[in-house]
Amino acid sequence: MQHPAILSKQPEVTASGTASRLKEKLRQLPHRPGVYLMKDRFGSILYVGKAKDLKKRASSYFQRGRRHQITQPKITAMISLVRDLDWVEVKSETEALLLEGKLIKDWRPKYNTDFVDDKRFLLVRLDEHELFPSFRFTRLRREDGSKYFGPFANSGQLRRTLAEMRKQFGVRLGDAPAPTPTDVGGVYKLYDDARAEIYGHPNEVTAADYAARVTAAVDFLEGKAKVWREELHAQMLKAAESRQFEKAAQLRDLLAAVKLTTANTTRDKRFLRGNPIKNPQAAEGARQLGTALGLAAPPRTLECFDISHISGEFVVAAMARFVDGAADKGGYRLFRIRGPIKNDDYRAMEEVVGRRYGRLSREEKAFPDLLVIDGGKGQVHAALKAFLVLELTPPPMIGLAKREETIVFPDERADLKLSTHSAGLQLLQRLRDEAHRFANTYNAKLRSKRIRESVLDDFSGLGEKRKAALLVKFKNISRLRLASAEELAETPGIGASMAARLRAFLEKAK
């Protein structure tokens, strides 16, 4: 299904057409865990819910008997407005719980009234324009140029932390009086009472001295926030795994509020644009792509993923990367697919995209300006699911379906076909072909290695111990092929007769 976090609003259709579409959606619902989204006639999301069984849970709202049993007026009103339904399948009820919170946070649907609002949590405000800035509590974030930390879920814990920070770094909190100048130029006295001795730091400082204290305190506060987020996340997972879903939902809501500021800061860093592209042809291709795809600026960094396998065996993936229209081969990546995925390209795509951008997120490195998936809607939605599971905001993303070189989107935009003479399409094709070549080369290398290493399996009479002895002596199959019968016979367990037969077998196997 389409990723609900970026669905476009849909045009209104006739009542009968809408009812038919909704019934068809309900029939298509799988008996799988996931998250469902109820939408009104304009495509706006009314409600987000999680389910252990999507079909049973979502369908129950529309059963006639169920309708008459509903006693909550809001739910009755909501059902009367529902005209469409979307859903996202996940692997477990725990994952559904996490995704539900993410989507509620993104969309704030009208009927999800129980979600905890950010304003119920404390923020820490630091106005760096002040000569001697202090750390103050607030519940509102304003566009005033100040630096904000949080929100923080546990106010008592936060207050104790700031008190500790004041003693450790000698910074001022919101209750501190205004510093007073001394007789020495540029030197101020922070406190005129006993606090000057209690806090244990020089009380008379310059603005530069105090700024160094503030910098150290900021680093400390940001580190504390990270530790608290990790603790909340661990508690949430533990509660979900033990099926304490109400407690897990509360912790999830706390975590969502705590993570809000740092998540936004990281995203902003990822999408900063650099200097214009210098190569004229590449610049034109990027310009055309930016216009055609509705991007904020021409994409300078592009990454493309391709999956390669032979009938479900030797499943690998490759990522090619272009910077300013040229191959950045140092940025290419290869992936061995983990687990028994076989020929499920969708699961393979979800895995490698999650591995790539999960790591970039942990390392706080930039995402590409455009992510390209070699494939159609199914592959693109699989890639999008990886971002959902990791609770990451994806970069602009498209798929390039090879049969007709069609651009597909992860939302409900119509497929796009650029002219074959378009510099934008040619840039995408070069990138896609590089990813395809890189994946196929890796796949062939693995197959060749497997063939070389398995050649001894076809030689009768050679058990695992003798095979291991040969590989210990000759290190690899290439050296083994060059060995004479006499050298083979020197291997423990390999007599002259077997050595002669093995020598003849290796000659034939060439």
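Above this text is the structure in question.
Predicted, not measured: the structure shown is a model, and the values here were computed from it. (Residues numbered from 1 in each chain as written. Predicted model: local features only at pLDDT ≥ 70, side-chain atom pairs only at ≥ 80, totals over all residues. Heavy atoms only, no water.)

Asks: I'd like to hear about the overall build of the protein chain, residue by residue, with values.
Replies: Helices and strands together make up the secondary structure of the protein chain, namely 17 helices and 17 strands. Burial status across the protein chain gives 47% buried among its 510 residues. In the protein chain, the share of contacts with a sequence separation of at least 24, taken over all contacts with a separation of at least 6, comes to 62%. Entry remark: accessible area of the protein chain is about 26800 Å², with carbon and sulfur atoms responsible for 51%. (Helix = DSSP H or I, 4+ residues; strand = E, 2+ residues; numbered from the N terminus. Buried < 20%, exposed > 50% of the residue type's maximum accessible area, 1.4 Å probe, protein only. Contact = heavy atoms within 4.5 Å. Areas by Shrake-Rupley, 256 points an atom, 1.4 Å probe, with all protein chains shown as cover.)

Asks: Can you explain the sheet that holds strand β6 (residues 147-152)? Please cite residues and give values.
Replies: Here four strands make up an open sheet; going across it, the order is β6-β4-β5-β7 and the pairing mixed. What marks the edges here is a single partner per strand, and that holds for β6 and β7 (172-173). Sitting on the sheet, helix α6 (residues 155-169) is in contact with β4 (122-126), β5 (134-138), β6 and β7, with an inclination near 25° to β4. (Pairing = 2+ DSSP bridges. Axes fitted to C-alpha atoms, helices over the stretch in contact; angles between N-to-C directions.)

Asks: If you had to explain unusual backbone geometry to someone new, which residues and values would you point to?
Replies: Phi is positive for Asp324, close to 55°, though the residue is something other than glycine. If you trace the backbone, Asp324 turns up in the loop between β12 (313-323) and β13 (326-327).

Asks: Go over the environment of Leu85, please, and point to the residues and values.
Replies: Mapped onto the elements of the fold, Leu85 is located in strand β3 (residues 84-89). On a C-alpha basis, the gap between Leu85 and Asp40 in space is 8.9 Å, while along the polypeptide they are 45 residues apart. In this structure Leu85 touches Leu22, Lys25, Leu26, Leu29, Tyr36, Leu37, Met38 and Ala58, once residues within four positions along its chain are discounted.

Asks: Mind laying out the nonpolar core, listing which residues take part and the relevant values?
Replies: Ranked by internal contacts, the top residues of the largest apolar core, which has 25 residues, are Phe305, Met349, Val352, Val353, Tyr357 and Ile373. Of all the secondary-structure elements, those providing two or more residues to this core are β11 (301-310), β12, α11 (345-362), β15 (370-374) and α12 (377-390). If near-sequence neighbours (up to four positions away) are discounted, Val352 is found in contact with Phe305, Ile307, Ala317, Phe335 and Ile337. (Core = buried A, V, L, I, M, F, W, Y, C linked by side-chain atoms within 4.5 Å.)

Asks: Hey, could you go over the pairing of β4 for me, with residue numbers and the actual values?
Replies: Consecutive side chains along a regular strand alternate between the two faces of the sheet. Extensive coverage of β4 is indicated by the burial of four of its five residues. With four bridges connecting them, β4 and β6 associate as antiparallel partners. Directly across from Leu122, in β6, lies its bridge partner Phe152. Summarising the sheet, β4 and β5 pair through four bridges and their orientation is antiparallel.

Asks: Please set out α6 residue by residue, giving values where relevant.
Replies: In this model α6 runs 21 Å from its N-terminal to its C-terminal C-alpha over 15 residues, within 8% of the 21 Å that 1.5 Å per residue would give. When α6 is considered as a whole, its buried residues turn out to be Leu158, Thr161, Leu162, Met165, Arg166 and Phe169. Buried residues of α6, seen end-on, are gathered within an arc of 140° and therefore sit on one face of the element. Among the exposed residues of α6, those oriented more than 90 degrees off its buried face are Arg160 and Lys167. A positive backbone phi angle near 75° is found at Gly170, which sits one or two residues after α6. (Expected span 1.5 Å × (residues − 1). Arc of directions from axis to C-beta.)

Asks: Lay out the sheet that holds strand β1 (residues 34-39) in plain terms, naming residues and giving numbers.
Replies: In space, the three strands of this open sheet follow the order β2-β1-β3, with antiparallel pairing throughout. The outermost strands of the open sheet, each flanked by one partner alone, are β2 (45-51) and β3. Taken pair by pair, the neighbouring strands of this sheet meet at an average axis angle of 20°, ignoring direction. Inspection of the sheet shows β1 paired to β2 by six bridges, in the antiparallel sense. Considered in β2, the bridge of Leu37 is made with Val48.

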